Amino acid sequence: HFRPMHMAAAVDARKHIFLEKPVAVDVPGVLAVMQTAERATSQGLSIMTGTQLRRELPRMEVQKRIRDGAIGDIRAVRALRNQGALWYRVPQPSWSDMEYMLRDWVNWAWLSGDIIVEQHIHHLDAMLWVLGKPPVSAVGMGAHVRRKTGDQFDFFSVDYTYDDGVHMHSTIRQLNGCANGRDESIVGTKGTANLDGVIYDLSGKQVWKYEGPTNNSLVQEHVDWVTAIRTNKPVNTAKETSISTLMAIMGRDSAYTGKGITWTDLMASTTRLGAAAISASCSRTRP
C-alpha cells in the first residue's frame, strides 16, 4: 500500500531504489509508480524490482529457447503456486486497529493486495517475461475459507486470455493440509517447456534439460542492481513489474466481483484500497 509513496520520496531524494514486488495494491497506485519510474529514468537513477525468477540461470535459458522457437508457437500456459498458509498476528490490547493491521499486513488486501498480488505475481511475471505481453481479459474465482485473520482469499483460480486466443490457467492457494505444488509450463505446437529447466517434444520425451551453473537469484538481483549503479549504466525494471502487478490485480478483481474484466476495464479503474486518512485511523485504540 505504501510503496508508491515510498518510491516517490526516494526519487525526490535522488536515491537509487530496490522496489520489492508488488509495486502497489491497486491500479491508481501502479500508475503512480509508472510515472515515478519515468521520472527516475530522467534522473539517471537505477530501480531494481524483486521479481527475481527472471534472474535464475535455468529459467533464463529456457525463456531464451522458447522465444527462439524451441517449442514452436505457444498455444497455452499455466502458472500454479499452491502451498500452506502463511503467518499471522494475534491482536494485542495495547495495539490500535491500525497497528494491528500493519503488524498483520500479509493478511489484509489493502496492505498486501491479497495473495495473488503479493505472492503469485512472481509466476504471473514469469509468464509476462515469456509471452512478452499481458493478457486482454480475465475470469477468476476464489474464496476466504480458513484464514484466521484479515480479509483476504485463501485461493484464486483465474483463466487469463491473450489477444491471440492463448489461455493461461493460473492458481494460487495458501491452505494447510492440501496437495501442494508449483508449476510454470508452456505448451507449444512442437513441444512443451517448464521454466525449471526442461523441454519435451509432443510425445512427452525429454529433449533438453538445463545442466549449466546455478545461481541464487535473490543475490543476483542485487548484484545486477549494484553493478548498474557502480558502472553508471542505469537499470529500471519498474515498468515490467508494474504490468505484472496489474495482471495480478485484474485476476483478483475478477474473483472478487465474479465478473470478467478486460485490460481496458482494468486500466480505467479508480478504486483505491485502504483508509482515506491514515492518520485518523491511527488515533483509534482497541478496547
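Criteria and cut-off values
Residues numbered from 1 in each chain as written. Predicted model: local features only at pLDDT ≥ 70, side-chain atom pairs only at ≥ 80, totals over all residues. Heavy atoms only, no water. Helix = DSSP H or I, 4+ residues; strand = E, 2+ residues; numbered from the N terminus. Rg over C-alpha atoms; globule rule 2.2 N^0.38 Å. Contact = heavy atoms within 4.5 Å. Areas by Shrake-Rupley, 256 points an atom, 1.4 Å probe, with all protein chains shown as cover. Lys, Arg positive; Asp, Glu negative; His and termini not counted. Charge placed at Lys NZ, Arg CZ, Asp CG, Glu CD. Pairing = 2+ DSSP bridges. Phe/Tyr/Trp six-rings, centres within 6.5 Å; stacked < 30°, edge-to-face > 60°. Buried < 20%, exposed > 50% of the residue type's maximum accessible area, 1.4 Å probe, protein only. Salt bridge = Lys/Arg side-chain N within 4 Å of Asp/Glu carboxyl O.

**Things to note about the overall build of the protein chain**
Of the regular secondary structure elements, the protein chain holds 11 helices and 11 strands. The C-alpha atoms of the protein chain give a radius of gyration of 20 Å, which matches the 19 Å a tight globule of 287 residues would have. Taking all contacts inside the protein chain whose residues are at least 6 apart in sequence as the whole, residues at least 24 apart take part in 73%. Counting every atom, the protein chain has about 13,700 Å² of accessible surface; 53% of that belongs to carbon and sulfur. Once the 33 positive and 29 negative side-chain charges of the protein chain are each reduced to a mean point, those two points are 3 Å apart.

**Describing the pairing of strand β10 (residues 206-209)**
Bridging between strand β9 (residues 198-201) and β10 involves three bridges; their strand directions are antiparallel. Its bridge partner lying in β10, Tyr200 is registered against Gln206. Where β9 hands over to β10, the hairpin turn is made up of four residues, of which Gly204 adopts a positive phi near 95°.

**A closer look at the packing of aromatic side chains**
Two numbers describe a pair of aromatic rings. These are the distance of the centres and the angle of the planes. As enumerated under the stated definition, the model contains eight aromatic pairs in all. Ring centres 6.3 Å apart and planes at 85° place the aromatic pair Tyr100 and Trp108 in the edge-to-face group. Summarising the burial analysis for this pair, Tyr100 and Trp108 share the class buried. In textbook terms, an aromatic cluster arises when at least three aromatic residues are bridged by ring pairs, as seen for Phe153, Phe156 and Tyr256.

**So, the sheet that holds strand β8 (residues 191-194)**
Read from one edge of the open sheet, nine strands run β10-β9-β8-β7-β3-β6-β5-β4-β11, paired in mixed fashion. Unpaired on one side and paired on the other, β10 and β11 (261-262) mark the two borders of the sheet. As paired strands, β8 and β9 are joined by four bridges and run antiparallel to one another. When the sheet's bridge partners are listed, Gly191 is paired in β9 with Asp201.

**Considerations on the pattern of salt bridges**
By the definition in use, this model includes 16 salt bridges. Linking Arg55 and Asp224 is a salt bridge whose minimum nitrogen-to-oxygen distance equals 2.7 Å. Taken together, the positions of Arg55 in the loop between β2 (47-49) and α3 (57-67) and Asp224 in helix α8 (residues 217-230) put the pair 169 residues apart, joining distant regions of the chain. When its relative accessible area of 19% is taken as the criterion, Arg55 is described as buried. Classification of Asp224 as partly exposed rests on a relative accessible area of 26%. Because the salt bridges share partners, they merge into one network encompassing Glu56, Arg59, Glu184 and Asp196.

**Some remarks on unusual backbone geometry**
Cis peptide bonds are those with omega within 30 degrees of zero, and the linkage from Lys21 to Pro22 qualifies with -15°. As for its position among the elements, Pro22 is in the loop between β1 (17-19) and α2 (27-42). The backbone of Arg14 shows a phi angle near 60°, a positive value even though the residue is not glycine. Its location among the elements puts Arg14 in the loop between α1 (3-12) and β1.

Fair warning: the whole summary comes from geometry, so function is off the table for now.
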